[in-house]
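Listed below, chain by chain, are the residues.
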Amino acid sequence: MREMLPVAVCVALLGCLQAQELQGHVSIILLGATGDLAKKYLWQGLFQLYLDEVGKGHSFSFHGAALTAPKQGQELMAKALESLSCPEDMAASHCSKLRDQFLQLSQYRQLKTVEDYGTLSKDIEAQVRQEGLREAGRIFYFSVPPFAYADIARNINSSCRPGPGAWLRVVFEKPFGHDHPSAQQLATELGSFFQEEEMYRVDHYLGKQAVAQILPFRDQNRQALDSLWNRHHVERVEIIMKETVDAEGRISFYEEYGVIRDTLQNHLTEILTLVAMELPENVSSAAAVLQHKLQAFRSLRGLQKGSATLGQYQAYNGQVRRELQKPDGFHSLTATFAGVLVHVDNLRWEGVPFILVSGKALDERVGYVRILFRNRAYCVQSERLWALEQSPCLPRQVIFHIGHGTLGHPAILVSRSLFRPSLPMHSWREVPERPGLSVFGRPLSDFYAYSPVQERDAYSILLSHIFHGRKESFITTENLLASWVFWTPLLDSLAHEVPRVYPGGSENGHLLDLEFNGGQLSFAQQQPEQLVPGPGSASRPSDFQVFRAMYRDSPLISAWPEELISKLASDIEATAMQAVRRFGKFHLALSGGSTPVALFQQLATGHYGFPWAHTHLWLVDERCVPLSDPESNFQGLQAHLLQHVRVPYYNIHPMPVHLHQRLCAEEDQGALTYAREITALVANSSFDLVLLGMGTDGHTASLFPQSPAGLDGEQLVVRTESPSRPHQRMSLSLPLINRARKVAVLVMGRTKREITMLVSRVGHEPRKWPISGVLPSSGQLVWYMDYEAFLG
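Owing to the predicted nature of the structure, the values given are computational and were not obtained by experimental measurement.

Colleague: What should I look at first to understand the pattern of salt bridges in this one?
Modeller: Should their charged atoms come close, side chains of opposite charge can pair. Under the definition given, this model contains 31 salt bridges. Two residues, Asp 571 and Lys 567, come together in a salt bridge whose shortest N-O distance is 3.1 Å. One end of the pair, Asp 571, and the other, Lys 567, are both in helix H16 (residues 561–583), four residues apart, so they sit about a helical turn from each other. A relative accessible area of 21% places Lys 567 in the partly exposed class. Between Arg 741 and Asp 688 there is a salt bridge, and its shortest N-O distance comes to 2.9 Å. Of this pair, Arg 741 sits in the loop between helix H20 (734–737) and strand S32 (742–747) while Asp 688 sits in the loop between helix H19 (670–681) and strand S29 (689–693), placing them 53 residues apart in sequence.

Colleague: Sorry, what's going on with the sheet that holds strand S3 (residues 106–110) here?
Modeller: Across a sheet, strands are paired by hydrogen bonds formed along the backbone, either parallel or antiparallel in direction. On the basis of which strands lie adjacent, the open sheet formed by six strands has the order S3-S2-S1-S4-S5-S6 and parallel pairing. The sheet is open, and its two borders are formed by S3 and strand S6 (199–202), each paired with just one other strand. This sheet shows a mean twist of 20 degrees between the axes of neighbouring strands, independent of strand direction. Where strand S5 (residues 167–173) lies against S6, four bridges are found, and the strand directions are parallel. Each bridged residue has a counterpart across the sheet, and for Phe 172 the counterpart in S6 is Arg 201.

Colleague: Would you mind going over the sheet that holds strand S31 (residues 728–732) with me for this structure?
Modeller: Strand order in the open sheet formed by three strands is S25-S31-S30, and the pairing between neighbours is antiparallel. Because the sheet does not close on itself, it has two edges, and the strands there are strand S25 (621–623) and strand S30 (717–721). The mean inter-strand angle of the sheet, taken between neighbouring strand axes irrespective of direction, is 20 degrees. In terms of strand pairing, S25 meets S31 through three bridges, oriented antiparallel. What sits directly across from Asp 621, in S31, is Ser 731.

Colleague: Would you mind going over the confidence of the model for the chain with me for this structure?
Modeller: Low-pLDDT stretches of the model should not have their predicted coordinates read in fine detail. Scored by pLDDT, the chain comes out at a mean of 90, with 94% of its residues at no less than 70. Here helix H1 (residues 4–21) stands out as the least confident element of the chain, with mean pLDDT 40; strand S23 (residues 586–590) is the most confident, with 98. Note on residues 1–21: pLDDT is under 50 here. Beyond four places in sequence and across chains, it has four contacts. Note that pLDDT drops below 50 for residues 529–544; the model gives that stretch 20 contacts with residues more than four away or on any other chain.

Colleague: Sorry, what's going on with helix H21 (residues 753–761) here?
Modeller: Along an α-helix, residues three or four positions apart point the same way, because every turn accommodates 3.6 residues. All of the buried residues along H21 are Ile 755, Thr 756 and Val 759. Buried residues of H21, viewed axially, fall in a sector of 105 degrees; they line one side. Opposite the packed face of H21, turned more than 90 degrees from it, sit the exposed residues Glu 754 and Arg 761. Looking at the buried positions of H21, the neighbouring elements they touch are strand S21 (546–551), S32, strand S33 (780–786) and helix H22 (787–791).

Colleague: Help me understand the environment of Thr 113, please; the structure alone is not making it clear to me.
Modeller: Along the chain, Thr 113 falls in the loop between S3 and helix H5 (114–130). In sequence terms Thr 113 and Asp 151 are 38 residues apart; their C-alpha atoms lie 9.4 Å from each other.

Colleague: Hey, could you run me through the pairing of strand S4 (residues 135–142) in this one?
Modeller: Consecutive side chains along a regular strand alternate between the two faces of the sheet. Of all eight residues in S4, eight are buried, a share of seventy percent or more. Bridge analysis of strand S1 (residues 24–31) against S4 gives seven bridges, and the strand direction is parallel. When the bridges of S4 are listed, Val 26 appears paired with Gly 137. Where S4 and S5 come together, six bridges link them in parallel fashion. Note that in S5 the partner of Tyr 141 across the bridge is Val 171. With helix H6 (residues 149–159) bridging S4 and its parallel neighbour S5, the resulting β-α-β unit is right-handed.

Colleague: Where do I start with helix H15 (residues 477–493) in this structure?
Modeller: The terminal C-alpha atoms of H15 lie 25 Å apart, and with 17 residues this matches the ideal 24 Å at 1.5 Å per residue to within 8%. Where H15 bends most, at Trp 487, the angle is about 35 degrees, and the proline Pro 489 comes one to four residues later.

Colleague: How do you make sense of the packing of aromatic side chains when you look at a structure like this?
Modeller: For any pair of aromatic rings, the description consists of the separation of the ring centres together with the inter-plane angle of the planes. Counting across every chain of the model gives 31 aromatic pairs. Ring geometry for Phe 60 and Phe 62: centres 5.8 Å apart, planes at 10 degrees, overall stacked. Ring centres of Trp 618 and Phe 687 lie 5.9 Å apart, and the angle between their planes is 65 degrees; on these two criteria the pair is classed as edge-to-face. Of the two residues, Trp 618 is situated in strand S24 (residues 615–619) and Phe 687 in the loop between H19 and S29; the sequence distance between them amounts to 69 residues. Like Trp 618, the residue Phe 687 is buried in the burial classification. Feature note: the residues Trp 43, Phe 47, Tyr 50, Phe 60, Phe 62, Phe 102 and Phe 467 constitute an aromatic cluster, connected by ring pairs. For Arg 169, the ring lying beneath its charged end belongs to Trp 167, and the centroid distance is 3.7 Å. Its end group placed over the ring of Phe 440, Arg 370 keeps NZ or CZ at 4.3 Å from the ring centre.

Colleague: How should I be thinking about the state of the cysteines in this particular structure?
Modeller: Simply put, disulfide is the name for a covalent bond between the sulfur atoms of two cysteines. In total, this model carries two disulfides according to the counting rule given. Across a sulfur-sulfur distance of 2.0 Å, Cys 86 and Cys 95 are joined as a disulfide pair. Its S-S torsion of approximately 85 degrees makes the covalent link between Cys 86 and Cys 95 right-handed. Assigned by exposure class, Cys 86 and Cys 95 land together as buried. Paired by a disulfide, Cys 624 and Cys 664 hold their sulfur atoms 1.9 Å apart. Judged by the sign of its S-S torsion, about -85 degrees, the cystine formed by Cys 624 and Cys 664 is left-handed. Highlighted residues: Cys 624 in the loop between S25 and helix H18 (633–640) and Cys 664 in the loop between strand S28 (662–663) and H19, separated in sequence by 40 residues. Take Cys 664: its relative accessible area is 7%, and that puts it in the buried class.

Criteria and cut-off values
- Residues numbered from 1 in each chain as written.
- Predicted model: local features only at pLDDT ≥ 70, side-chain atom pairs only at ≥ 80, totals over all residues.
- Heavy atoms only, no water.
- Salt bridge = Lys/Arg side-chain N within 4 Å of Asp/Glu carboxyl O.
- Helix = DSSP H or I, 4+ residues; strand = E, 2+ residues; numbered from the N terminus.
- Buried < 20%, exposed > 50% of the residue type's maximum accessible area, 1.4 Å probe, protein only.
- Pairing = 2+ DSSP bridges.
- Axes fitted to C-alpha atoms, helices over the stretch in contact; angles between N-to-C directions.
- pLDDT = per-residue confidence, 0-100.
- Contact = heavy atoms within 4.5 Å.
- Arc of directions from axis to C-beta.
- Right-handed = clockwise from strand over helix to strand, strands pointing away.
- Expected span 1.5 Å × (residues − 1).
- Bend = angle between axes of the 7 residues up to and from the residue.
- Phe/Tyr/Trp six-rings, centres within 6.5 Å; stacked < 30°, edge-to-face > 60°.
- Lys NZ or Arg CZ within 6 Å of the ring centre and 35° of its normal.
- Disulfide = S-S within 2.5 Å.

Quick look at the structure:
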């Protein structure tokens, strides 16, 4: 028996060796192999992958590819490979040996035509056969501009896919589109050539060690964090990426994308979802992480113009004129600094501000995520007598320090007054004391502080994940499009905003400091005199803020948008208070669409004395879609107002457009049902206030020109037809609107200027212009117009 044991061991070892050999050959093709990204990060990352995997059963070949001719391309690639380095703890002789092996396995190829890709495929197959290997798979890393993606993808798909039994992984670098439509188009193109599981979209921030540790940290400290990681305990979350360098040398890219597209839409948004998402049972499951990320995206409150502040460093315009050969008078509106206030509207995070900040030419280079907790303690003794490092009155925070700054390295810090965190000790270790070093005004000794045992570049980590098929650190198509759906409306609204000019570096002082109030973010300091005048920076009328006049024989209030919305919100609150004092309740009928969104947000965040408990909310009109549909007026009301105020649920009256699993079916008599509800609850069917808008065709509510429904007669609520989709609507009738005690018509935007001029001249012609039929029989009509609608 003893004699047979060594034989068994030898057989087992032989089997293990054979199993390793059978793992096969991997070909890695780096497209754009002579570009800046490849030279700075990717070749070093591939070398690190080789160091990690050599001798573990796979064989490799590395193909640097570009459009450059072979001789010149080989020279450029050789120059890029000169700077390869090994980890500090590796012996120099061993490093030299492995480096030589890597260089022998690396070769340059010109990949220009579909035939070039076919030749590459045949050469890989021939090498595998010649060496008696099995092909495991191929990795194509696209370090090229996005406009080249489609042609390269087509060539790979038609001529360079591996054979049966081998996998294909294609890796893409941002930018992944410029807005939602372009991202959708790019995703559709790539999806026609590759399966979702074959695609790896890189956001290199997800490879940074502190960022990569956010989910594992939350998972390993569930017990301590379960009761803390929510709106009851978190005061705010800061996600920050500051740079000292400017955009010189990258101006053409920056002019097209700007700071929000460059860093906030991707890096900082991905971090936000890691902090805000519900924690899956298994944080190692890429599918579970994706689903929870998407849920977080669906909970994000839509961004408005007031959610963001923009800045531009003073030297930027000169750099644009030089690098892009623009004339001397050219002024760019591209932002190089942005602060954005985000809210997550769910039970965990309701009311907690997430502040995202990124910019160039700032005072320091640093990146961090800071979760600041509320402090409910009060210490009677003076601060000098507080228990050192552990007083309950000290600030309580968790910080994921991404890099640079005063610490100079990745770190995770937890206030000692919170809890001692659990981290994987094989990869993270406690930071030794550094007397005199402070973080956010507190000495390092106030924190349990940990840093990686071995610092690794983000690209080397992500390349390892790609090689092993781990997708949790990459952006899926769904994830990408969800991000663009969130950011595109804000980008559109800011397209013509003039950013605040700042000098750059330490001279910025407090110029870019921010403050937030409700859903609005603004600079803490008033706008100084422009250092460099920009388009749109002409002075506005400052001798008045609210202009009063008459329009169609009724009072008109006109102002800039912010002042107008503030005035209307105050007037609605005053009307509500008066109604509650007189009748004990306030019946308010609201229109939907995009125009009143800012008003809803103002009412939700700036009117804490509003008598919501005594307010009944009604809909002026509704699209015939489910109430949960994004196009539903009720859904807009829910998103921007109802979920932020305390209206008793029995005081909320959505239009019954969805009955018996049908939409606005005549036999369901939804309009009659709503009319009966109004008659039963609203005295004399007279609303205290009706808020209307005016369309560019003169329609109001869902009463449209050349459509007789609802313009006269006895019906209180009618079904109507809209010229635009969804065509079927339900609306209060004109006779019911005119019974109201007060009607407010809100008209905003330059696109309304023409109809405003036209309606000012017409008489009572509701069949042509339904808005002209609005005239309360015994109530008051007030027009609220911003200057663009009123003056053009």
